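Results of the structural survey
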Amino acid sequence: MGKRVVVSGVGTINAIGCDTTQYWNGILAGISGISAKMFEDIKKTFKVGDIKGFVSTSKEENFFADYLIHSISEALNDSKVGVSDLPDTPLFIGTALGNISQIETQLIRFNHDRFDSYNIAESIRPLKRYFGLKMNPFIVSSTCTSSMNALGMAYLTIKDGMYDRVIVAGCETLNSHILAGIRSTKGMALDSMKPFDLARSGMLLGEGAGAVVIETLENAEKRNAHIYAEIAGYKSYSEAYHLMVPDLTGENINKALDYDISQTSDTTLLVSANGTKYNDEAIYNGLLKKYGNNHPLVADIKAIIGHTLGASGIVEGIAAIKSIETQTALPLYGVENAMSGLRYLKKPKDMELKNIIHVSTSFGGNIASIHYKSVNLA
Amino acid sequence: MRYMSNLYARDRVIIDEADWNGFYPFVKDCCINELTKHFPEYYNDKLGIFVVSDTVQQPYIRSFFKSIEGTHYRGMASSKLFRCTPVNGLASFLSIELKTNSPALTLLANQDDEIGIDEYVRLLISNNFLKVAMMLCVYIDYVNEEQYRVILDIYFLNSTVKRDSYDE
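Please read all numbers here as calculations on a predicted model, not as lab measurements.

In this section: the overall build of chain A. Of regular secondary structure, chain A possesses 11 helices and 14 strands. Buried positions account for 65% of the 378 residues belonging to chain A. The long-range share in chain A, meaning contacts at least 24 apart out of those at least 6 apart in sequence, stands at 77%. Across chain A, 36 positive and 39 negative side-chain charges occur, with their mean positions spaced 1 Å apart.

Structure below.
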């Protein structure tokens, strides 16, 4: 059985909010953070969910570290973890691209002479210093499921008694490299993102960071901390199918949804529908395989914040956590003409929610999921 | 390097002047050799694959950036993107080739880090995500601006191998 694990602090910065309150209010109001942005180095304009108005305080404009520090600080303040506890608290990070923007900056600034000095430690050193952490962060990179796997592995460390508390964060910054790359795969929508729509044409990219403090229920209760939700399960699979295309039978999505849930009426699914033809079809087939036509309501917020890639497991995870805390079911933003029989909401709705399953899929075939559970309704 | 020979490890493989086009198949062959030697019963079953490196963009990024110097992304093709940002590329490639549904993840660590990556991976074993973890440590050793080599260590973890028994 192991120890019960709960979320006691959240923090984020993304296209629609520079903190969790702004983010959550933006989600409830359906505010879109998507706008056209010119990428000067390639002289092209893309519609993206970028962070606006953030001024880096670091000399090297290390936005990757800045965003992480910003979101982790909020999560720590929110959880009211004592400063004296920080040095011994492990930090788990999920990122797909690992601050590739910084590599670009270095290469251009130093005329390609400084590349050898780059490794992931360069990007995270400011974090260790800022928070006074003793341990080096543990970093997972599995494309779009990165921070969900980081969260899942952190959950296991607490459940099995290795740690009492872990900070988990995800971060991704936008740059022309990844935009050009996703565009070349023909996976990028030109105008808007329409997950599960019959006329879906791809994703829009976003950037952001998210952080959560997770700890044992016992610890949180002893500290009288606010408990947002319980993390009741984690799954992770490889499809072993294709580097770019998901298994359309949805068999692995079906496995990722396999939690012990007695009824679907008090459960919602926050899914990683990125608006691409194949990904959404695989998820659709997987949830029909698991639940049939009476599947739990399906939600997705990528249409208003963009796909934050490796950060999405935490950035969107915070939406799931707020959803269960406030007992508000999330809508499926962006859809106009949905796939046949899909059950979803057009607007947020108050309802009794015991469970949210957050499912994330990725290029490369990793599928991960986290089961969030209401502590009050358990 | 911390992650190296142990109870189930092969000799260290060093690839001088790496042929990036042949790198994935080469690593696959190494893995199959070691798997069939030590864990044939799990070859197509619950094998977790963990690529450990010190940068997400492990080896390919350098050659990629060299290839686009002066062109800055002009003509970038998807195949090139996923060669240069293997993120989970190598791990995913191996999971497909070795036909395993267990997690295949890239874990990032500096060569000198004292974090217990294998202890975290062991949690996945004890929680039935996988039975055997194949750890591939991929680091690049730059001889000079033009010359570099890949250092590849492979070792395995399962529920019975204790950490103390394989530490050097």
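This part covers the overall build of chain B. Counting secondary structure elements, chain B contains 6 helices and 5 strands. Ordered by position from N to C terminus, the α and β elements of chain B give β-α-β-α-α-α-β-α-β-β-α. Burial status across chain B gives 57% buried among its 168 residues. Contacts in chain B between residues far apart in sequence, at least 24 positions, make up 77% of those at least 6 positions apart. Roughly 6,700 Å² of accessible area belongs to chain B as shown, and the carbon and sulfur atoms make up 45% of that amount.

So, on to the side chain of A:Glu316. By secondary structure assignment, the location of A:Glu316 is in helix H11 (residues 312–326). Residues in contact with A:Glu316, not counting those within four places in the same chain, are A:Tyr23, A:Leu270, A:Asp300, A:Ile301, A:Lys302, A:Ile305 and A:His358.

Attention now moves to the confidence of the model for chain A. Summarising the model, chain A shows a mean pLDDT of 91, and 94% of its residues fall at 70 or more. Low confidence marks residues 112–117 of chain A, where pLDDT is under 50. Its contacts with residues over four positions away, or in another chain, come to 16 contacts.

Residue and element names in this part refer to chain A. In this structure, the second largest pocket spans a volume of roughly 460 Å³. What lines the second largest pocket is a set of 23 residues, among which Met1, Glu230, Ala232, His371 and Lys373 lie closest to the centre. Secondary-structure elements contributing two or more residues to the lining of the second largest pocket are helix H5 (146–159), strand S8 (229–238) and strand S14 (366–373). At 3 residues, S8 tops the list of elements feeding residues into the lining of the second largest pocket. Residue composition of the lining of the second largest pocket, grouped by class: 9 nonpolar, 5 polar and 9 charged.

On to the packing of H5(A) against helix H5 (residues 117–126) of chain B, then. At a minimum axis distance of 10 Å, the contact between H5(A) and H5(B) shows a crossing angle of 80°. The orientation of H5(A) relative to H5(B) falls into the category roughly perpendicular. Listed contacts from H5(B) to A:Met153, A:Leu156 and A:Thr157 of H5(A) are B:Tyr120, B:Val121, B:Leu123 and B:Leu124. Its residues assigned to classes, the contact of H5(A) with H5(B) comprises 6 nonpolar, 1 polar and no charged.

What follows is about the packing of aromatic side chains. What the rule picks out here adds up to 10 aromatic pairs over all chains. Ring geometry for A:Phe54 against A:Tyr67: centres 5.2 Å apart, planes inclined by 75°, an arrangement best described as edge-to-face. Placement of A:Phe54 in the loop between strand S3 (44–48) and helix H2 (63–79) and of A:Tyr67 in helix H2 is noted, with a sequence separation of 13 residues between them. On the basis of relative accessible area, A:Tyr67 is assigned to the buried category, the value being 4%. Through a chain of ring-to-ring contacts, the aromatic side chains of A:Phe92, A:Phe138, A:Tyr163 and B:Tyr120 assemble into a single cluster.

Before going further, it helps to examine the nonpolar core. Among soluble globular proteins, nonpolar side chains are generally buried collectively. Residue and element names in this part refer to chain A. Counting residues in hydrophobic clusters, the biggest one holds 92 residues, and the most contacted among them are Ile27, Phe92, Val168, Val212, Ile214 and Tyr372. Examining the composition of this core, we find that 8 residues originate from one element, H5, more than from any other. Setting aside residues no more than four positions away along its own chain, Val212 makes contact with Val7, Gly9, Val10, Ala75, Leu151, Val166, Ile167, Val168, Ile314, Ile318 and Ile321. Residues Leu86, Ile167, Ala169 and Cys171 belong to the second largest nonpolar core, which totals 26 residues.

What follows deals with unusual backbone geometry. All names here are of chain A. Phi angles above zero are rare outside glycine, and Phe196 is one such case at about 65°. Note that Phe196 resides in the loop between helix H6 (176–184) and strand S7 (208–216). In this structure, Ala240 is a non-glycine residue whose phi angle is positive, near 55°. Within the secondary structure, Ala240 sits in the loop between S8 and helix H8 (251–256).

Tracing the sequence through the fold places A:Thr328 in strand S11 (residues 328–329). A polar atom in the side chain of A:Thr328 sits 3.0 Å from the side chain of A:Thr326.

Here is what the cut-offs are and how they apply
- Residue positions are given per chain, counting from 1 as you read along its sequence in written order.
- Chain labels run from A onward and ligand labels from 1 onward, assigned in the order the entries are written.
- Confidence filtering applies because this is a predicted model: local features only for residues at pLDDT of at least 70, side-chain atom pairs given and counted only at 80 or more, and all residues used for totals across whole chains, interfaces and linings.
- To obtain the side-chain values, all non-hydrogen atoms of the structure were included, while hydrogens and water were left out.
- In this text, helices come from DSSP runs of H or I with a minimum length of four residues, and strands from runs of E with a minimum of two, each type numbered from the N-terminal end.
- Think of it in three bands: residues with accessible area under 20% of the maximum for their type are buried, residues over 50% are exposed, and the middle band is partly exposed, with areas taken using a 1.4 Å probe on protein chains only.
- Residues are treated as being in contact if the distance between any of their heavy atoms lies within 4.5 Å.
- Charge assignment: positive for Lys and Arg, negative for Asp and Glu; neither His nor the chain ends contribute.
- Every charge is mapped onto a representative atom, which is NZ of Lys, CZ of Arg, CG of Asp or CD of Glu.
- Using a 1.4 Å probe, the Shrake-Rupley method yields the accessible areas, and only the shown protein chains count as cover for residues.
- pLDDT expresses how confident the predictor is about each individual residue, on a scale running from 0 to 100.
- A 1.4 Å probe that fits into a set of points on a 1 Å grid over the protein atoms alone but cannot get out defines a cavity; an open set with protein on both sides within 12 Å along at least five of seven lines defines a pocket, and lining residues are those with an atom within 4 Å of a point.
- Grid points are joined across faces, edges and corners, and a volume is the space filled by probe spheres set on the points.
- Residues were grouped as follows: Ala, Val, Leu, Ile, Met, Phe, Trp, Tyr, Cys and Pro as nonpolar; Asp, Glu, Lys and Arg as charged; and all remaining residues, including Gly, as polar.
- The axes used here are C-alpha line fits, helices contributing only the stretch in contact, and every angle between their N-to-C directions lies in the interval 0 to 180 degrees.
- Geometric relationships in this document are graded by angle, where less than 35 degrees denotes roughly parallel, more than 145 denotes roughly antiparallel, 65 to 115 denotes roughly perpendicular, and other angles denote oblique.
- Planes of paired rings set the category: under 30 degrees apart is stacked, over 60 is edge-to-face and the rest tilted, where pairs are Phe, Tyr or Trp rings (Trp by its six-membered ring) whose centres lie within 6.5 Å.
- By nonpolar core we mean a set of buried residues, namely Ala, Val, Leu, Ile, Met, Phe, Trp, Tyr and Cys, connected to one another through side-chain atoms within 4.5 Å.
- Polar contacts here mean pairs of N or O atoms no more than 3.5 Å apart (in protein, one a potential hydrogen donor and the other a potential acceptor; neighbouring residues in sequence count only if both atoms are side-chain atoms).

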